[in-house]
Amino acid sequence: MDMGYRELSFNLPSDYQEGDLRDAIAKELGIGEFSYQIGNKSLDARKKANIHWQVRVSVLSDELGGGEPIAAAVLDVPSRTRDERAVVVGSGPAGFFAALVLQKAGFRTTLIERGTEVRKRARGVMSFEETGIFDPVSNYAFGEGGAGTFSDGKLTSRSKHISREKRFIIESYIQAGAPEEIRYLAHPHLGSDNLKTIVANLRSEFLDIGGTVLFETLLEDIKVEGGRVVETVTASGGIEADYCIIAPGHSAYETYRMLIRRGVGFRTKPFALGSRVEHPQELINLAQWGREELPGVKAAEYRLTSRGDGTLPVYTFCMCPGGVVVPASAYAHINIVNGMSRYRRDGIFANAACVAAVSPEGLTGRETSALDALDWLEALEEQFFRYAEGFAAPFCTIRNFIEGKGNSAISASSYPLGLKPAPLWELLPPTVSDALREGLKDFSRKVKGFETGNIMGLESKTSSPIQVVRDKTGLCTGFENLYVVGEGSGWAGGIISSGADGIQAAVHIAS
Ligand SMILES: Cc1cc2nc3c(=O)[nH]c(=O)nc-3n(C[C@H](O)[C@H](O)[C@H](O)COP(=O)(O)OP(=O)(O)OC[C@H]3O[C@@H](n4cnc5c(N)ncnc54)[C@H](O)[C@@H]3O)c2cc1C
């Protein structure tokens, strides 16, 4: 007999077990033998008295008549024997997935990465947090897996038209050890602990199919002849390339400057600037759920937006439930922060970036080139370093920030390199502080107790202030074989959209 197919949705308690879902399906359809797959699972916390999971399932059973599942679109990698070399720079999601697709398509692919392999990188990061001594090749920005390796590993993305690429990334992560739930959770995340293993397993897959990886290898220059990159230049020599994909993230100032020097066009674009807020996770749980714990759910999240002061919108970004605030500097002379969490999200703090949407021109007050925007941002990051005399995070309470006065006493924080009391509102550009102040007032009305938290450091890497001039395939204008992709291109942001951007360039080359 033919299998029949149905799609169903259920509202289930926060701590439901697999058996409860099976029972609900059997009861709804009146069947005994069936298999099912969860298509989507999201927490509905709009009513505190009735927080539940919304679960959509597809059910297959020969006790059902008719219906057919819709086949999901898969990534088509044109694979054949080729004698062409591809060089990919940067092993973050954009560079890594581009390299993997190129190697699968039959190119001889070399992936070069300025930082260390992930285990050595983890030791470098740990040592930085213990000693405060910065390591230029093993830090939160640079090293295997890119900026996202030490992160919450949130896999949400608002980009449209990347479903094939997203599926490829998700399935690659699962094959490399990620939990299967990332296929269907509305807010999937990997956790920094899982990411280290996943990144190493993905590298093994790339090596197994013949790819080459060179760690601690900085792309210093590119040789360009007649609109073609013919060689990528590193300290240990040149690597010839028929195709070159550069995915450096948006921390690598000298790489940006080198590309601009070599004629790659960049323009400025809107980005975001602000600081990171931190609260006890219990306070967020209470505000969002009306209770300190909710069985079956790790930790409460929030996502807040505000009109700010009417000139610059303010929003929270990259919220890390049960996470830690980390020193995310890519260089020894700058001081910036970011956030990450482990898979269990079981830390006692919650943090999130709280940023204002800005433009380089609005900040400098004049016409601004891409180089000017980079110089301006680097100077601000350096100013935070000078104020802190190192990597402590300048901080104050949210209440003091709102009032624009007061000395904040140091309180408990997850930040590993210490807090330094500061009039944070004076360290940020005045337009940003004005907007944040109003945004923080709004958030304190929306989340009970929000104003009692801390606000710290500089968040300058939520998005890039510059964007490469390229066509829709990622090919740089004026070049025949150079692609600048991922977050550093200014066309993507976050793990999924950056990975998808790299994949699209690779598929374009392979096609
Ligand atoms: C602490 C933290 C937490 C984050 N949390 C999340 C999250 O939960 N979810 C999410 O979606 N995003 C998160 N992000 C953002 C996310 O990590 C980035 O959007 C994503 O990694 C961008 O991918 P990419 O490949 O474009 O660049 P990157 O990941 O930045 O990778 C670029 C790589 O290029 C290398 N490189 C740079 N220049 C050179 C050169 N000249 N030569 C050789 N190699 C070079 C760098 O070392 C780096 O490894 C987080 C970022 C940080 C820092």
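Scroll up to find the structure.
Since the model is a prediction, treat every value here as computed from it, not as a measurement.

### Brief notes about the sheet that holds strand S20 (residues 454-459)
Spatially, S13-S14-S17-S12-S20-S18-S19 is the arrangement adopted by the seven strands of the open sheet, whose pairing is mixed. Among the strands making up the open sheet, the edge pair consists of strand S13 (305-306) and strand S19 (419-421). Across 10 bridges, the pairing between strand S12 (residues 271-280) and strand S17 (residues 349-358) is antiparallel. Each residue of the ladder has a partner; that of Phe271, found in S17, is Val358.

### Notes on the pattern of salt bridges
In a structure, side chains of opposite charge can pair up when their charged atoms sit close to one another. According to the stated counting rule, one finds 30 salt bridges in the structure shown. The shortest N-O distance in the salt bridge between Glu480 and Arg228 comes to 3.4 Å. Taken as a pair, Glu480 in the loop between strand S21 (466-468) and strand S22 (482-484) and Arg228 in strand S8 (residues 228-234) lie far apart in primary sequence, 252 residues in all. Residues Arg257 and Asp375 are paired through a salt bridge, measuring 2.9 Å at the closest nitrogen-oxygen approach. With a gap of 118 residues between them, Arg257 in helix H6 (residues 253-261) and Asp375 in helix H9 (residues 370-388) connect regions that are remote in the sequence.

### Some details on the site of the ligand
Neighbouring residues of the ligand: 37 residues in total, closest Glu113, Ala147, Thr255, Glu487 and Ile495. Here an oxygen atom of the ligand and a side-chain polar atom of Glu113 are 2.6 Å apart. Between Ile495 and the ligand, the recorded distance is 2.7 Å, taken from a backbone N or O atom to an oxygen atom. Contact with the protein chains removes 95% of the 1,000 Å² of surface that the ligand exposes when unbound. Elements that contribute at least two residues to the shell around the ligand include exactly helix H2 (93-104), strand S16 (337-340) and helix H13 (495-510). In terms of residue class, the shell around the ligand is made up of 16 nonpolar, 16 polar and five charged.

### Comments concerning the environment of Lys298
Relative to the helices and strands, Lys298 is located in the loop between helix H7 (281-289) and S13. Overall, Lys298 belongs to the partly exposed group, its relative accessible area being 37%. Sequence-distant contacts of Lys298, that is, excluding residues within four places in its chain, are made with Glu181, His189, Trp289, Tyr343, Arg344 and Arg345. A distance of 2.9 Å separates polar atoms of two side chains, one belonging to Lys298 and the other to His189. From its side chain, Lys298 meets the backbone oxygen of Tyr343 in a polar contact 2.8 Å long.

Analysis parameters
Residues numbered from 1 in each chain as written. Predicted model: local features only at pLDDT ≥ 70, side-chain atom pairs only at ≥ 80, totals over all residues. Heavy atoms only, no water. Pairing = 2+ DSSP bridges. Helix = DSSP H or I, 4+ residues; strand = E, 2+ residues; numbered from the N terminus. Salt bridge = Lys/Arg side-chain N within 4 Å of Asp/Glu carboxyl O. Near = heavy atom within 4 Å. Polar contact = N/O pair within 3.5 Å; in protein donor to acceptor, adjacent residues only side chain to side chain. Areas by Shrake-Rupley, 256 points an atom, 1.4 Å probe, with all protein chains shown as cover. Nonpolar A, V, L, I, M, F, W, Y, C, P; charged D, E, K, R; others polar. Buried < 20%, exposed > 50% of the residue type's maximum accessible area, 1.4 Å probe, protein only. Contact = heavy atoms within 4.5 Å.

Geometric descriptors of this kind do not, in isolation, establish any biological role.
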